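# Structure at a glance
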Amino acid sequence: MALDEPTTNLDYENKRGLGCALAQIIASRAAQSNFQLVVITHDEDFVSMMKQELSSQTGFTMPERYYQVSREESNDGRFYSKISAVDWDDL
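What comes next is a walk through the structure. (Residues numbered from 1 in each chain as written. Predicted model: local features only at pLDDT ≥ 70, side-chain atom pairs only at ≥ 80, totals over all residues. Heavy atoms only, no water.)

Per the counting criterion, the structure on display carries two salt bridges. In this structure, Lys-15 engages Asp-43 in a salt bridge whose closest nitrogen and oxygen atoms are separated by 2.9 Å. Of this pair, Lys-15 sits in helix α1 (residues 12–29) while Asp-43 sits in the loop between β2 (38–40) and α2 (44–56); the two residues are 28 residues apart in sequence, bridging distant segments of the chain. Each member of the pair Lys-15 and Asp-43 is classed as buried. Among the salt bridges present, the one from Glu-72 reaches Lys-82, with a minimum N-O distance of 3.5 Å. One end of the pair, Glu-72, is in strand β3 (residues 65–73); the other, Lys-82, is in strand β4 (residues 79–87), and ten residues separate them in sequence. (Salt bridge = Lys/Arg side-chain N within 4 Å of Asp/Glu carboxyl O. Helix = DSSP H or I, 4+ residues; strand = E, 2+ residues; numbered from the N terminus. Buried < 20%, exposed > 50% of the residue type's maximum accessible area, 1.4 Å probe, protein only.)

Written out as structure tokens, the structure reads:
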């Protein structure tokens, strides 16, 4: 499953509801070897909500890191994508 900017135009309550629903899906499908979820978002509050829901309500253990893609300008003026592993505790 892939979600691209799923919180666009959502108010706080709907964003929280989506985060809770996704956390439940992740927890229930975690044992499946063929389940993948890709969430593309700029909304770090939403990522924090999902982390909180997964760790406190479902008992699901969080992976150590998530991946953040950013855009950086090089010395020659070109822009490149940079992929960084970010510890959940740094969020």
